[in-house]
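Analysis of the macromolecular model
Chain by chain, the residues:
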Amino acid sequence: MNESSGNLRIKVGLFLASYFPVESSLDIELNRITDQAQMAERLGFDSIFLGHHYLSAGAFLQPIPTLSYLAAITERIHLGLGVHLISLQNPLLLAEELATLNALSKGRLIAGFGAGY
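Residues numbered from 1 in each chain as written. Predicted model: local features only at pLDDT ≥ 70, side-chain atom pairs only at ≥ 80, totals over all residues. Heavy atoms only, no water.

Describing the sheet that holds strand β6 (residues 109–114)
Read across the open sheet, the four strands follow the order β1-β3-β5-β6; overall the sheet is parallel. The open sheet has two edge strands with one neighbour each: β1 (13–16) and β6. Each strand axis lies, on average, 20° off the axis of its neighbour in the sheet, ignoring direction. By the bridge criterion, four bridges tie strand β3 (residues 47–50) to strand β5 (residues 78–85) in an arrangement that is parallel. (Pairing = 2+ DSSP bridges. Helix = DSSP H or I, 4+ residues; strand = E, 2+ residues; numbered from the N terminus. Axes fitted to C-alpha atoms, helices over the stretch in contact; angles between N-to-C directions.)

Quick notes on the packing of helix α2 (residues 63–73) against helix α3 (residues 91–104)
Packing of α2 against α3 leaves a shortest axis separation of 9 Å and a crossing angle of 10°. In terms of orientation, α2 lies roughly parallel with respect to α3. The interaxial crossing formed by α2 with α3 has left-handed handedness. Contact residues: α2 offers Ile64, Leu67 and Ser68, while α3 offers Leu94, Glu97, Leu98, Leu101 and Leu104. Here the residues of the contact of α2 with α3 sort into six nonpolar, one polar and one charged. (Parallel < 35°, antiparallel > 145°, perpendicular 65-115°, else oblique. Left-handed = near helix turned anticlockwise from the far one by under 90°. Contact = heavy atoms within 4.5 Å. Nonpolar A, V, L, I, M, F, W, Y, C, P; charged D, E, K, R; others polar.)

A short note on the packing of helix α1 (residues 26–42) against α2
Orientation of α1 relative to α2, taken along the N-to-C sense of each, is 50°, at an axis distance of 10 Å. Viewed along their axes, α1 and α2 adopt a mutual orientation that is oblique. The two elements α1 and α2 cross, and the hand of that crossing is right-handed. Facing α1, whose interface residues are Leu30, Ile33, Thr34, Ala37 and Gln38, α2 presents Tyr69, Leu70 and Ile73.

A few points about the packing of aromatic side chains
All chains considered together, the criterion is met by one aromatic pair. When the ring of Tyr19 is compared with that of Phe60, the centres are 6.3 Å apart and the planes differ by 50°; the resulting orientation is tilted. Residue Tyr19 is located in strand β2 (residues 19–20), and its partner Phe60 is located in strand β4 (residues 59–60); the two are separated by 41 residues in the primary sequence. Classification of Phe60 as buried rests on a relative accessible area of 17%. (Phe/Tyr/Trp six-rings, centres within 6.5 Å; stacked < 30°, edge-to-face > 60°. Buried < 20%, exposed > 50% of the residue type's maximum accessible area, 1.4 Å probe, protein only.)

Remarks on unusual backbone geometry
Backbone geometry at Leu55 places phi at a positive 55°, although glycine is not the residue there. The backbone of Lys106 shows a phi angle near 60°, a positive value even though the residue is not glycine.

Considering the pairing of β6
Pairing between β5 and β6: five bridges, direction parallel. Looking across to β6, one finds that Leu79 is bridged to Leu109. Assessed by its sense of winding, the connection that carries the chain from β5 through α3 to β6 is right-handed. (Right-handed = clockwise from strand over helix to strand, strands pointing away.)

Given below as structure tokens:
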């Protein structure tokens, strides 16, 4: 299905929570995110997204390294930043990290940016 044939395809993605209580086990929480990403891919979802926060009350896995990890255990699903706090980043460093993530995921990166809180 594509636009040129008159058929439109709706793409559906999931936002995964990479935030959890400090007292939680990192292994359990990482396994939860891993299982959700792999299940989303098996079920045919188009993408998964992770948020971005600093100084949260709980534990928060940063999205770029977490998406790099998920890129290694998935094959097809697109990996997104749903909304990365660009104003708090070094632009050159961020560009290099995103280029690396896009290469590692074989072009599956979707980058979404926001100004911040």
